[in-house]
Amino acid sequence: QVQLVESGGGLVQPGGSLRLSCAASGSIRSIGTMYWYHKAPGKQRELVAYITSSGTANYADSVKGRFTISRDNAKNTVYLQMNSLKPEDTAVYYCKGRITTVQTMNWDDYWGQGTQVTVSS
């Protein structure tokens, strides 16, 4: 099986920064694109950013210029550096990985459990 575990969330003041991490472990054969989503109270889960296995990144308009996604393939880990945080960034942040396992050649999506980010003074 495969597990994704996020960390790095917390409470931060407007204008502050946080760095989220998401580490994948288990019977992994290979990891493709990795994603960060967020879900604010009363809203649907939204895509924040993604990064391909070759390092190409893409961002939601709301976070362009403030957030940076990166990955360390040797550690099976994806990061989200969040700067200039705003109250509207408050949400639970989830990572998702498109992963094949040693048991199958299928590409399947695996989700982490989420980490809370709260931006408030």
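As a starting point, this report considers the structure included with it. Quantities reported herein were computed from a predicted structural model and do not represent experimental measurements.

1. Some remarks on the side chain of Asp89
Point 1. Considering the arrangement of structural elements, one finds Asp89 in the loop between strand 8 (77-82) and strand 9 (91-101).
Point 2. Using a relative accessible area of 3% as the deciding quantity, one classes Asp89 as buried.

2. Let's talk about the environment of Gly114
Point 1. As for its placement among the helices and strands, Gly114 is situated in the loop between strand 10 (108-111) and strand 11 (115-119).
Point 2. Through-space distance from the C-alpha of Gly114 to that of Lys96 is 9.9 Å; in sequence the pair is 18 residues apart.

3. With respect to the pairing of strand 9
Point 1. Taken across its 11 residues, strand 9 has nine buried, putting it largely inside the fold.
Point 2. Judged from the nine bridges that link them, strand 4 (residues 28-39) and strand 9 form a sheet pairing that is antiparallel. Following the sheet pairing, Ser30 is matched in strand 9 by Thr100.
Point 3. Strand direction decides the pairing type here: strand 9 and strand 11, joined by three bridges, are antiparallel. Paired with Tyr93 across the two strands is Thr115, which belongs to strand 11.
Point 4. The turn joining strand 9 and strand 10, which pair antiparallel and follow one another in sequence, is formed by six residues.

What counts and what doesn't
- Residues numbered from 1 in each chain as written.
- Predicted model: local features only at pLDDT ≥ 70, side-chain atom pairs only at ≥ 80, totals over all residues.
- Heavy atoms only, no water.
- Helix = DSSP H or I, 4+ residues; strand = E, 2+ residues; numbered from the N terminus.
- Buried < 20%, exposed > 50% of the residue type's maximum accessible area, 1.4 Å probe, protein only.
- Pairing = 2+ DSSP bridges.

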